[in-house]
Amino acid sequence: MSSRGSGSRSNGALPQTKICQFKLVLLGDMAVGKSSLVLRFVKGQFDEFQETTIGAAFLAQSVCLDDTTVKFEIWDTAGQERYHSLAPMYYRGAQAAIVVFDITKPDTFERAKAWVKELQRQASPSIVIALAGNKADLAEKRLVEYEEAQTYAEDTGLLFMETSAKTAMNVNELFLAIAKKMPKTDTQNPTHAARHRGVNLQDPDAQSTRACCGGN
C-alpha cells in the first residue's frame, strides 16, 4: 500500500481522487429481484420477503477504481405494468441501466428484451446497458439457458452476468463491470449533479452508503 503514488508526495499530500457520479436505473418485470440486487449491493443484505416497489426507490453506492470513485445514483423501478408509463421519467438522463430477468421464467427474459429495445430507442445513445440473469441460485429450475442470454447480449452489445441476490453471486462484480465502462470525468460537485437530476439529498428515504469494492 505504501508504494501507491509514492513518486509524487514531496509535500506529504495524498493523491487526488477523481469523483465520477452517474445515474443508474434498474428495469425488469415484477418479482425478478431488482430490489434484492440493489439491497445486496448497497447494504450487503438479502430479504427473502422483499416488499414490492411502488413507483421507484432511490439508493446510492460507490465503488473505487484505482484513483477514481464512481458514485452510482440508483433508481430501482417498479415492475408492475401499471407503472410502465413512469419508466421514462427514471431512465431519462441515465448513463447506465441494468435490465433484470429471472432465469426460471422465460417470459421475464422476453420482457427484458423489450426493455432493452425501449432503452436503445429512447434513452441516451451512450447509455451502458447490462443484462442480469437473476436467481442463479435456482439453477436446477432454470428455463433460460446461459448461452441463449449470452448470445443475445453479445448480439445487442450488452454486458451480461448471471447473478444471485440471495448468495451475492456476481452482484458487486456486475456494478464494478458497469463502473469500468463509464467515462471517467471528474464531476467535482456531486451535490450540484444530484440536484440537476432531481435528487433530494435531504430526503430521509434516499439511503446512501459508501463502500469501496477493492476488497469485497
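Criteria and cut-off values
- As a convention, each chain's residues are numbered from 1 in the sequence order in which they are written.
- In keeping with the model being predicted, local features are shown solely for residues with a pLDDT of at least 70 and side-chain atom pairs are shown and tallied solely at 80 or more, while totals for entire chains, interfaces and linings include all residues.
- Each side-chain value is worked out from all heavy atoms of the structure, with water and hydrogens disregarded.
- By definition, any uninterrupted DSSP run of H or I lasting at least four residues is a helix, any uninterrupted run of E lasting at least two residues is a strand, and each is numbered from the N terminus.
- Think of it in three bands: with a 1.4 Å probe and only protein chains considered, a residue is buried below 20% of the maximum accessible area for its type, exposed above 50%, and partly exposed in between.
- Working rule for contacts: check all heavy atoms of both residues, and any pair within 4.5 Å makes them a contact.
- Only the protein chains shown count as cover for residues, and the accessible areas themselves come from Shrake-Rupley with a 1.4 Å probe.
- In protein, a polar contact means a hydrogen-donor-capable atom and an acceptor-capable atom, both N or O and within 3.5 Å, with residues adjacent in sequence counting only if both atoms are side-chain atoms; elsewhere, any N or O pair within 3.5 Å suffices.
- Paired rings are identified among Phe, Tyr and Trp, the last through its six-membered ring, by centres lying within 6.5 Å, and are further divided according to the angle between planes into stacked (under 30 degrees), edge-to-face (over 60) and tilted (the rest).
- Structural elements are reduced to axes, namely lines fitted to C-alpha atoms, with helices fitted over the stretch in contact, and the angle between N-to-C directions of any two is expressed from 0 to 180 degrees.
- Convention used here: angles under 35 degrees read as roughly parallel, angles over 145 as roughly antiparallel, angles from 65 to 115 as roughly perpendicular, and any remaining angle as oblique.
- Only Asp, Glu, Lys and Arg are considered charged in this grouping, and only Ala, Val, Leu, Ile, Met, Phe, Trp, Tyr, Cys and Pro are considered nonpolar; every other residue, Gly among them, is considered polar.

Chemist: Whenever I open this one, the overall build of the protein chain confuses me. Can you help?
Modeler: Along its length, the protein chain carries six helices and seven strands. Walking the protein chain from its N terminus toward its C terminus, one meets helices and strands in the order β-α-β-β-α-β-α-β-α-β-α-α-β. Burial status across the protein chain gives 45% buried among its 216 residues. Partitioning the contacts of the protein chain with sequence separation of at least 6, the portion at a separation of at least 24 is 76%. As presented, the protein chain carries roughly 11500 Å² of accessible surface, and 49% of it is formed by carbon and sulfur atoms.

Chemist: Honestly, helix H1 (residues 34–43) in this entry has me stumped. Any pointers?
Modeler: One turn of the α-helix equals 3.6 residues, which is why residues spaced by three or four share an orientation. Most of H1 sits out of view: nine of its 10 residues are buried. Taken as a whole, H1 has its buried residues at Lys-34, Ser-35, Ser-36, Leu-37, Val-38, Leu-39, Arg-40, Phe-41 and Val-42. Just beyond H1, the residue with positive phi is Gly-44, at close to 70°.

Chemist: What is the right way to look at the environment of Glu-145 in this model?
Modeler: With respect to the element layout, Glu-145 can be found in the loop between strand S5 (128–134) and helix H4 (146–156). Looking at Glu-145, the relative accessible area reads 43%, which means it is partly exposed. Along the backbone, Glu-145 and Ile-103 are 42 residues apart, and their C-alpha atoms lie at a distance of 7.6 Å.

Chemist: What exactly am I supposed to notice about the side chain of Glu-162 here?
Modeler: Structurally, the position occupied by Glu-162 is in strand S6 (residues 159–162). For Glu-162, the side chain forms a polar contact with the side chain of Arg-142, separated by 2.7 Å.

Chemist: What is the right way to look at the packing of aromatic side chains in this model?
Modeler: Given two aromatic rings, one states the distance between the centres and the angle between the planes to describe the pair. In total, this model carries seven aromatic pairs according to the counting rule given. Here the aromatic rings of Phe-101 and Phe-109 are separated by 4.8 Å at their centres, their planes lie at 45°, and the arrangement is tilted. Here Phe-101 falls in the buried class, since its relative accessible area comes to 0%. Classification of Phe-109 by relative accessible area gives buried; the value is 2%.

Chemist: Hey, could you run me through the environment of Leu-37 in this one?
Modeler: Topologically, Leu-37 is positioned in helix H1. Along the backbone, Leu-37 and Leu-26 are 11 residues apart, and their C-alpha atoms lie at a distance of 9.5 Å. Not counting residues within four places of it along the chain, the set of residues in contact with Leu-37 comprises Val-100, Ala-132, Asn-134, Thr-163, Ala-165 and Val-171.

Chemist: Teacher, can you tell me more about the packing of H1 against helix H5 (residues 171–181) here?
Modeler: To characterise two packed helices, one gives the angle between the axes of the helices and the distance between these axes. For the pair H1 and H5, the least separation of the axes is 9 Å and the interaxial angle reads 85°. One element, H1, and the other, H5, form an angle in the roughly perpendicular class. Contacts between H1 and H5 pair Leu-37, Arg-40 and Phe-41 from the former with Val-171, Asn-172 and Phe-175 from the latter. Here the contact of H1 with H5 is built from residues that sort into four nonpolar, one polar and one charged.

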